[in-house]
Amino acid sequence: MSPDGDELVQITDPGFRARYVDVSDIVASWVEGKVDLAQADVLDFGCGEGVAALGMVRRHGVKSLLGVDIMPDPQRCPAVAREQLGLEMLPDALELQQINPAADFAPERRFDLIYSWSVFEHVEQPKVHEVLCQLRDKLKPGGYLFVQIAPLYYSADGSHLFHRIPEPWAHLRLQDSVYFHRLCEACESREEVDALWSCYQWLNRMTMPALRQHLVDAGFQIEREYSNGTPHEVPADLLEIYQREVLETNQVVFLARVAERGGDRKPAGLLSRLFG
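Analysis parameters
Residues numbered from 1 in each chain as written. Predicted model: local features only at pLDDT ≥ 70, side-chain atom pairs only at ≥ 80, totals over all residues. Heavy atoms only, no water. Pairing = 2+ DSSP bridges. Helix = DSSP H or I, 4+ residues; strand = E, 2+ residues; numbered from the N terminus. Axes fitted to C-alpha atoms, helices over the stretch in contact; angles between N-to-C directions. Salt bridge = Lys/Arg side-chain N within 4 Å of Asp/Glu carboxyl O. Buried < 20%, exposed > 50% of the residue type's maximum accessible area, 1.4 Å probe, protein only. Core = buried A, V, L, I, M, F, W, Y, C linked by side-chain atoms within 4.5 Å. Contact = heavy atoms within 4.5 Å.

Asks: Quick question: what am I supposed to make of the sheet that holds strand E1 (residues 41–45) here?
Replies: Across a sheet, paired strands are connected by hydrogen bonds in the backbone, their directions being either parallel or antiparallel. Strand order in the open sheet made by the seven strands is E3-E2-E1-E4-E5-E7-E6, with mixed pairing throughout. Here the strands that pair on one side only, and so sit at the sheet edges, are strand E3 (94–98) and strand E6 (220–229). Ignoring which end each strand starts from, the neighbouring axes of this sheet average 15° apart. Where E1 and strand E4 (residues 111–117) come together, three bridges link them in parallel fashion. By the bridge assignment for E4, Val42 is matched with Leu113.

Spelled out as structure tokens, the structure:
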């Protein structure tokens, strides 16, 4: 099921290793004893290049895995897997798709597990409930939803720009024009500035209590939750405006399943409205 250690030795990209090893191992550990991955149909919602999905199949023996993303990133998986693992072709159990935002995907398929890693902070605020309802309706009876977000918007590096502006909570303390100027100075090209600023502007400011409530409202029952904090000391001026817990919570993870009753059980609309 899990490839031997020689495969991991040849990985040179830390980001690839984090997704292929760490993310897949975390997801698998959270559903251990709940989902038999060897017999499971799994959906990676917002799979990016599909590296975590590849890890789920190769390291944890998932029977079948569909990874979807609205961006063209999944197309890069074969080349990345060849470069980092020496794979000549992707496993038969792995299917990656760039989905059309104007249509539903895999309408006839249902899944034992749906997981999403650092995706829901990018979903437009008015669409979060709808998307969760759609994922709920794609689960088999007794299926599980795993949702992780990091960093949360109000955390020290919640802007997703910390690698370019390494100042904790700068996005909350600086006006946007100043913050944008700092980003322009830090980036190597206008294309990079535009991409990063667009990502920043689309962040939905999700908090842990808000995500928990969204899950309940969509008809889920929380089975397990986890959060961790920031190593940075919160500035006193921010504590005059925001709650300490909101500022200190960096990552949140939820494992949920469909509740027997409650929540909005009406069929959800198309994923075409995912990002507005």
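That covers the picture; the talk isn't over yet.
Asks: Explanation requested: the pattern of salt bridges in the structure shown.
Replies: A side chain with one charge may pair with a side chain of the opposite charge, provided their charged atoms come close. Counting across every chain of the model gives 19 salt bridges. Notably, a salt bridge pairs Arg212 with Glu225, separated by 2.8 Å at the nearest N-O pair. You can see Arg212 sitting in helix H9 (residues 208–217) and its partner Glu225 sitting in strand E6, a full 13 residues away along the chain. Given a relative accessible area of 28%, Arg212 falls into the partly exposed group. Accessibility expressed as a relative area gives 35% for Glu225, which makes it partly exposed. Residues participating in the shared-partner salt-bridge network are Arg19, Glu49, Asp73 and Arg76.

Asks: Would you mind going over unusual backbone geometry with me for this structure?
Replies: Trans peptide bonds make up most of the peptide bonds, and negative phi angles are found at most residues other than glycine. A cis amide bond links Ala150 with the next residue in sequence, Pro151, at an omega value of -5°. Looking at the element boundaries, Pro151 is found in the loop between strand E5 (139–149) and helix H6 (170–173). Of note, Arg205 is a non-glycine position whose phi angle comes to about 65°, a positive value. You can see Arg205 is positioned in the loop between helix H8 (190–201) and H9. In this structure Arg205 comes out as partly exposed when scored by relative accessible area, which is 36%.

Asks: Is there a simple way to explain the nonpolar core in this structure?
Replies: Generally speaking, a soluble globular protein has its nonpolar side chains buried in company with each other. Ranked by internal contacts, the top residues of the largest apolar core, which has 33 residues, are Tyr20, Leu37, Leu65, Leu113 and Tyr115. When residues in this core are grouped by element, the largest group, seven residues, is from helix H2 (residues 14–30). The contacts of Leu65, once residues within four sequence positions are left out, are Val42, Asp44, Ala53, Met56, Val57, Ala93, Leu94, Glu95 and Tyr115. Val119, Phe120, Leu135 and Ala218 belong to the second-largest nonpolar core, a separate cluster that totals 31 residues.

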